[in-house]
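Listed below are the residues making up each chain.
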Amino acid sequence: MKNYDLLLLANKNLWRRKGRTVLTVLGVIIGTASIVVMLSLGIGLVESQKKQMSQWGSLNIIRVQQSWDFPGQEDGQQKRLTDEAIAEIREIEGVTAVSPAIEVGGEASFGKKMGHIMLVGLEPALMEQLEFSVSHGRLLNQDDRFNVVAGSQVINNFWDPRQRSNPWNWEEPPQGDSLELLNKRISLSLYNNKQQKRIYSLNVVGILSEKTMEHSWYVYAPISELKKMREFTNQGRQEEVYFQEYMEKDPGGRSSSSSARAKKEEQYSFALVRTNDVADTRRISRQLRDSGYNAYSIADNLEGIEEAARRFQAILGGIGAITLLVAAIGITNTMVMSIYERTREIAIMKVIGASFREIRWLFLTESSLIGLLGGFFGLGLSFALSSLLNHYGSSFVNPGGMMPGQEAIQISVIPLWLVGFALLFSIGIGLIAGIYPANRAINLDPITAMRHG
Amino acid sequence: MAILELKNIVKKYRIGNEIITALDGVDLAVEAGEFIVILGTSGCGKTTLLNIAAGLEKPTRGEVVFRGVTISKLKEKKTVMFRRKQMGFIFQSYNLLPALTAQENVALPLVFDGVKPRERVLRSVKMLKQVGLMERREHKPSQMSGGQQQRVSIARALINNPRIIFADEPTGNLDTRTTLDIMGQLQRAVKENGQTLVMVTHDQEVAEFADRIIYMVDGRIVEEKQGGTHL
């Protein structure tokens, strides 16, 4: 028997009892829709969390710091962020860019305003790769020396001493316009331990966009200048003396005190690591932690959220699965009844040359068709319900309206894989529901069936 | 040469605690091209004999040899191929599929045989013409008379050009005029193609069409007679 003949015959049989078939299909429609909608809620939850997190910062960036010193720790266990370490990190598979960073903070003034800024030195050429983007002006390039890029909130670090007595009046959050800084100069005063003072004049060439919040309070400058600034501020530190002695005793370290100092200077405040995707971020972040660094990425939080969402999905999916189970029992019931009605027919088919296999597949095809139809229209219903949920439910998840340019958070998301899964699953349910009736059909004795049927 | 041989067939049924002997040592050889009628009252075991001869039932003892193959020992998978390719069946109650049209019913054995739709149409049209039902080919069984339904079932039995045709009381539900009509058609078709026909009936008049009449009583063959009065 050819497959298309089987399919045609099964389809013909199915529509002999239209009402019953429609009702059975309806059961599968409801079952499929309940599973799909329930799962789509779980997926929507993860998606919206991801979206929210990406507003805090990039999911493809890892911030690496050297491990904390704590008492009782053996020598050599601490991971120092040296040039060597940066090179090592760069070699990790999945890492696309690494920039070491140095932080220096100090008093600053801007026009008549006073304040304080945190200056972060980065490899200027890597800024774009590290997902920095400007809303005005430009990012840094290789030739910049005292040009800087300021975060969108940096303006709020400054206040006019003549207008406001208390600069940190939190009742009234500062609302400065970051554009004020563009193409202006900020003066940064740094002191070293010998109480010497140096003033740097920084030219703001760009303002970072507000897309990510993690950079908004910092001012970014080329790392080469920051190295010099730190060298200046470290002059005359007591620790330096101690460090020198320590390095001399260290058999692995170099004997000369000047090179020991140089080594100390080489250490960075932190490093930013760019990866290919979220999965890489999580893997590399874990790997860096395992090898002794303090590594942190916003993507790390995803794990917990995904775990919670999985549980949520399992519960919702379970509810949906029960509905589909009921539908599957409905299919079995329909098929068993249909076989009772058609005992004679099955017998005739056996006598005139249908094999057991063909009879079995005829009934399995009929039950799978019920599943397929249910799955198909169930998906239609799911999409309708999903868009209704997103339309009327969005006020719950997007309270107070949306910021301009912000995408609406969707409660229910039906990805393509879920569509495929739902179709295959409903056909599978139909197939499984048909096994028992099909076995009944082939076990019918044709003689008895024809005599009494 | 015998196309079908039944050798000492015994068939026992168990009904409740009772064991009933339906066939009690039947020996029969059917020659190729022969029209043979098994005649007997109802309950004499003639339908059981037909089922066993066609491989639909297995005998309790004895052998069925069809064209040199002992089909009584074959598995269902194999016997189905014999029924599909070499046997045709006609029943008292026509046994057409109610969901299919006359033409679809006629073509059904070809469907199971995997014949392509085009060829199925050609062959089923030819058969319907032969039984004179071309104008009814789109009708469902419920829209046809008993005689018409039986003609459809004859067309179905003959479409795969079988070596042997088994008929179980084919005229049992028909009036006398239709009976003669059907028998005539059946006889003609079989003789034209040199096919073998094994028919069971309790109707003495129908039996007269046969080349040979076998009389059965209580699961045994009691008498044999050469027929042919209608020829």
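Everything numeric here is computed off the predicted structure, so don't read it as measured data. (Residues numbered from 1 in each chain as written. Chains lettered and ligands numbered in written order. Predicted model: local features only at pLDDT ≥ 70, side-chain atom pairs only at ≥ 80, totals over all residues.)

Observations regarding the overall build of chain B
Counting its regular elements, chain B contains seven helices and 10 strands. Going through the 231 residues of chain B one by one, you find that 48% of them count as buried. (Helix = DSSP H or I, 4+ residues; strand = E, 2+ residues; numbered from the N terminus. Buried ≥ 20, exposed ≤ 12 C-beta atoms within 10 Å, placed from the backbone.)

Here's the deal with the overall build of chain A
A tally of helices and strands in chain A yields 12 helices and 11 strands. Split into buried and exposed, the 453 residues of chain A put 36% on the buried side. Of the contacts made within chain A by residues no fewer than 6 positions apart, 78% connect residues no fewer than 24 positions apart. (Contact = placed C-beta atoms within 7 Å.)

Quick look at the interface of chain A and chain B
Residue-level contacts link 18 residues of chain A with 20 residues of chain B. Of all the elements in the fold, those that place two or more residues in the side of chain A that touches chain B are helix 1 (3-14), helix 9 (343-351), helix 10 (356-397) and helix 12 (446-452) of chain A. Residues that form the side of chain A that touches chain B fall into these classes: nine nonpolar, three polar and six charged. (Nonpolar A, V, L, I, M, F, W, Y, C, P; charged D, E, K, R; others polar.)

Re the packing of helix 3 (residues 102-112) of chain B against helix 5 (residues 146-158) of chain B
Residues and elements named next belong to chain B. The N-to-C vectors of helix 3 and helix 5 enclose an angle of 30°; their axes lie 7 Å apart at closest approach. Between helix 3 and helix 5, the angle is such that the two are roughly parallel. You can see that helix 3 and helix 5 cross each other, and the crossing is right-handed. Contacts between helix 3 and helix 5 involve Ala102, Asn105, Val106, Leu108 and Pro109 on the former and, on the latter, Val152, Ala155 and Arg156. Tallied by class, the residues present in the contact of helix 3 with helix 5 amount to six nonpolar, one polar and one charged. (Axes fitted to C-alpha atoms, helices over the stretch in contact; angles between N-to-C directions. Parallel < 35°, antiparallel > 145°, perpendicular 65-115°, else oblique. Left-handed = near helix turned anticlockwise from the far one by under 90°.)

Quick word on the confidence of the model for chain A
Detailed reading of the predicted coordinates is not advisable wherever pLDDT is low. Residues and elements named next belong to chain A. Scored by pLDDT, chain A has a mean of 81; 82% of the residues are at 70 or more. Model confidence for chain A, summarised as mean pLDDT per element, is weakest for helix 6 (residues 257-265) at 47 and strongest for helix 11 (residues 416-442) at 92. Below a pLDDT of 50 lies the segment residues 247-263, which in the model reaches 14 contacts outside its immediate sequence neighbourhood of four places, other chains included. Taken together, the stretch residues 400-405 has pLDDT below 50 and engages in one contact with residues farther than four places along the chain or on a different chain. (pLDDT = per-residue confidence, 0-100.)

Considerations on the sheet that holds strand 6 (residues 87-90) of chain B
Working definition: the strands of a sheet are paired by backbone hydrogen bonds and lie parallel or antiparallel to each other. All names here are of chain B. Here six strands make up an open sheet; going across it, the order is 6-7-8-3-9-10 and the pairing mixed. Two strands bound the open sheet, and with one partner strand each, they are strand 6 and strand 10 (220-226). Strand-to-strand twist in this sheet, taken as the mean axis angle between neighbours without regard to direction, amounts to 20°. In terms of strand pairing, strand 3 (residues 35-39) meets strand 8 (residues 196-201) through five bridges, oriented parallel. In the strand pairing of strand 8, Val37 is matched with Met199. Docked against the sheet, helix 5 engages strand 6 and strand 7 (164-168), running at close to 170° with respect to strand 6. (Pairing = 2+ DSSP bridges.)

A closer look at the nonpolar core
Note that soluble globular proteins tend to have their nonpolar side chains buried in a common cluster. One finds Val37, Ala53, Ala155, Phe166, Val198 and Ile214 of chain B to be the most contacted residues of the largest nonpolar core, which totals 117 residues. Here this core takes 12 residues from helix 2 (residues 18-56) of chain A, the largest share from any one element. In terms of nonpolar packing, the next biggest core, distinct from the first, is built from 49 residues, Ile61, Ala101, Ile102 and Leu140 of chain A among them. (Core = buried A, V, L, I, M, F, W, Y, C linked by C-beta atoms within 7 Å.)

Let's talk about the sheet that holds strand 4 (residues 61-66) of chain B
All names here are of chain B. In space, the four strands of this open sheet follow the order 2-1-4-5, with antiparallel pairing throughout. Both edges of this open sheet fall to strand 2 (18-31) and strand 5 (69-70), since each of them pairs with a single strand only. Alignment of strand 4 against strand 5, held across two bridges, turns out to be antiparallel. When the sheet's bridge partners are listed, Phe66 is paired in strand 5 with Val69. Of the strands in this sheet, strand 1 (2-15), strand 2 and strand 4 are in contact with helix 1 (residues 46-53), which crosses strand 1 at around 120°.

Quick notes on the packing of helix 3 of chain B against helix 4 (residues 117-130) of chain B
Residue and element names in this part refer to chain B. One way to put it is that helix 3 packs onto helix 4 with a least axis distance of 9 Å and a crossing angle of 125°. Considered as vectors, helix 3 and helix 4 are oriented oblique to each other. Note that helix 3 runs across helix 4; the crossing there is right-handed. On helix 4, the residues touching Ala102, Gln103, Val106, Ala107, Leu110 and Val111 of helix 3 are Arg120, Arg123, Ser124, Met127 and Leu128. Residue composition of the contact of helix 3 with helix 4, by class: seven nonpolar, two polar and two charged.

Structural notes on the pairing of strand 10 of chain B
All names here are of chain B. Of the strand pairs in this sheet, strand 9 (residues 212-217) and strand 10 are connected by six bridges, and their pairing is antiparallel. Looking at the pairing, Tyr215 lines up with Glu223 of strand 10. Linking strand 9 back to strand 10 in an antiparallel pair, the connection comprises two residues, with Asp218 at a positive phi of about 50°.

Some remarks on the confidence of the model for chain B
All names here are of chain B. Taken as a whole, chain B shows an average pLDDT of 90; of its residues, 98% reach a score of 70 or greater. Taking the mean pLDDT of every element in chain B, the minimum, 87, falls on helix 7 (residues 204-207) and the maximum, 94, on strand 4. Scoring the predicted complex yields pTM 0.69 and, for the interface, ipTM 0.88.

Description of helix 8 (residues 300-341) of chain A
Helical geometry note: an α-helix holds 3.6 residues per turn, so side chains three or four residues apart project in the same direction. In this model, helix 8 of chain A (42 residues) spans 60 Å end to end at C-alpha, consistent with the 62 Å of a helix rising 1.5 Å per residue. If you check which residues of helix 8 of chain A are buried, you get Leu302, Gln313, Gly320, Leu324, Ala327, Ala328, Gly330, Ile331, Thr334, Met335, Ser338 and Ile339 of chain A. (Expected span 1.5 Å × (residues − 1).)

Considering unusual backbone geometry
Even without being glycine, Gln195 of chain A reaches a positive phi, approximately 65°. Here Gln195 of chain A is to be found in the loop between strand 7 (185-191) and strand 8 (197-208). Here Gln195 of chain A falls in the exposed class, since 7 other C-beta atoms lie within 10 Å of it. Positive phi, normally seen in glycine, also occurs at Asn161 of chain B, with a value near 50°.

Observations concerning the pairing of strand 7 of chain A
All names here are of chain A. Pairing of strand 2 (residues 95-110) with strand 7, which is carried by three bridges, proceeds in the antiparallel orientation. Within the sheet, the bridge partner assigned to Ala108 lies in strand 7 and is Leu188. Counting the residues in the hairpin turn of strand 7 and strand 8 gives five residues, including Gln195, whose phi is positive at 65°.

Description of helix 4 (residues 223-234) of chain A
Between its first and last C-alpha, helix 4 of chain A extends 16 Å over 12 residues, near the 16 Å set by a 1.5 Å rise per residue. A positive phi of about 80° marks Gly236 of chain A, the residue just after helix 4 of chain A.

Some details on the environment of Glu358 of chain A
Tracing the sequence through the fold places Glu358 of chain A in helix 10. Judged by the 20 C-beta atoms lying within 10 Å of it, Glu358 of chain A is buried. For the pair formed by Glu358 of chain A and Ile442 of chain A, sequence separation is 84 residues and the distance between their alpha carbons is 9.3 Å. Excluding residues that lie within four positions of it along the chain, Glu358 of chain A makes contacts with Met1 of chain A together with Phe112 of chain B.

Focus on the environment of Ile61 of chain A
All names here are of chain A. You can see Ile61 is positioned in strand 1 (residues 61-65). You can call Ile61 buried: it has 23 C-beta atoms within 10 Å. Sequence separation of Ile61 and Leu130 is 69 residues, and the distance between their C-alpha atoms is 7.0 Å. With near-sequence residues (within four places) excluded, Ile61 lies in contact with Leu130, Glu131, Leu272, Val273, Arg274 and Ser297.

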